[in-house]
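Architecture at a glance
Residue-level listing of the chains:
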Amino acid sequence: MLSDSLVIIPTYNERENIENIIRAVFSLPQVFHVLIIDDGSPDGTAAIVKNLQGEFTGKLFIEERKGKLGLGTAYIHGFKWALKRGYEFVFEMDADFSHNPADLMKLYAACNEGADVAIGSRYVTGVNVVNWPMSRVLMSYFASVYVRFVTGMNIHDTTAGFKCYRRQVLETIDFSKIRFVGYAFQIEMKFTAIRHGFKVVEVPIIFINREQGTSKMSTNIFREAFVGVIQIKMNSWFRKYRQKADLPLTAKKTGTEV
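Let us look at the structure shown here. This structure is a prediction, so every number in the text was calculated from the model and none was measured.

Parameters at a glance
- Residues numbered from 1 in each chain as written.
- Predicted model: local features only at pLDDT ≥ 70, side-chain atom pairs only at ≥ 80, totals over all residues.
- Heavy atoms only, no water.
- Helix = DSSP H or I, 4+ residues; strand = E, 2+ residues; numbered from the N terminus.
- Polar contact = N/O pair within 3.5 Å; in protein donor to acceptor, adjacent residues only side chain to side chain.
- Salt bridge = Lys/Arg side-chain N within 4 Å of Asp/Glu carboxyl O.
- Buried < 20%, exposed > 50% of the residue type's maximum accessible area, 1.4 Å probe, protein only.
- Pairing = 2+ DSSP bridges.
- Right-handed = clockwise from strand over helix to strand, strands pointing away.

Let us look at the side chain of Glu14. Note on placement: Glu14 falls in the loop between β1 (5-11) and α1 (18-26). Polar contacts involving the side chain of Glu14 include one to the side chain of Asn17, which spans 2.9 Å.

Here you go:
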């Protein structure tokens with residue numbers, strides 16, 4: 001079945017959520033394809049996806065990697081997979097329903113109406129987070145304030161991981177120069193897109209903390225983001241970024257059938 005849109009969902013031990021999130025995406029009125037990037041989940045997440053592929057032939061795909069290699073490398077793996085297959089809109093989404101699949105439509109609409117990157121933002125209209133402890137809300141909110149201060153990005157939710165990219169953005173970014181794998185990866189991708197002159201917009205969403213499975217947040221991931229922001233800014237002083245205005249126009253595709 002043809003689609004111009006691919007939703008990339010990285011997984012590690014998501015057996016409680018994976019079937020439900022896949023079915024939720026495929027129940028939407030718009031056709032999305034789904035690519036699962038599984039990092040060797042010992043709980044059988046990949047087996048569940050493979051069992052569903054017979055039901056969702058030509059729409060559901062899986063790439064399996066050996067061991068936990070990091071969120072950033074999972075997405076870059078997925079980006080390269082998407083570019084080879086001609087998708088025009090490429091999405092990042094979590095498997096645990098903290099990102100509402102119905103909001104994929106909002107992100108798609110934003111990019112279809114002129115944005116190059118659309119961010120599902122928790123903070124653009126206040127604080128829209130459900131079932132997080134106050135300490136986590138404050139840590140996330142003030143982390144974004146810190147990132148805005150250091151990088152100069154005019155984005156309220158700098159660590160957001162629910163996004164849509166137009167194809168040209170991913171074709172332009174040099175993935176070999178993306179250094180980080182956790183929250184800093186999310187910051188670095190936004191920062192790089194902006195430095196290339198792409199239009200990044202925030203779309204308000206409500207973020208709901210996972211009810212099933214275990215969070216992958218760790219102290220090391222937070223530390224990487226805190227220190228990484230300074231490195232990202234400093235590295236930018238010595239890099240040249242091709243500007244969107246100087247890039248050749250990408251031929252728009254009507255859909256991809258794999």
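Moving on, there is more to tell.
Under the defined criterion, the tally for this structure stands at 10 salt bridges. For Glu19, the salt bridge is made with Arg23, and the minimal N-O distance between the two is 2.9 Å. Linking Glu19 with Arg23, this pair stays in helix α1, spanning 4 residues, or about one helical turn. Look at Glu19 and you get partly exposed, because its relative accessible area is 31%. Given a relative accessible area of 31%, Arg23 falls into the partly exposed group.

Glancing now at the pairing of strand β2 (residues 33-38). Counting buried positions along β2 gives 6 out of 6 residues, so the element sits mostly inside the fold. Covered by surrounding structure in β2 are His33, Leu35 and Ile37 together with Val34, Ile36 and Asp38, the residues of both alternating faces. Sheet topology note: the β1/β2 ladder contains 6 bridges and is parallel. If you follow Val7 over to β2, its bridge partner there is Val34. Read as a crossover between parallel neighbours, the route from β1 over α1 to β2 is right-handed. Here β2 runs beside strand β3 (residues 60-64); their pairing, made up of 5 bridges, is parallel. Its bridge partner lying in β3, Ile36 is registered against Ile62.

Moving on: unusual backbone geometry. Peptide bonds are trans in most cases, and residues, glycine excluded, mostly fall at negative phi. Unusually for a residue other than glycine, Asn13 sits at a positive phi of about 55°. Tracing the backbone through its elements, the reader meets Asn13 in the loop between β1 and α1. Unusually for a residue other than glycine, Phe97 sits at a positive phi of about 70°. Inspection of the secondary structure puts Phe97 in the loop between β4 (89-92) and α4 (104-112). We classify Phe97 as partly exposed; its relative accessible area is 31%.

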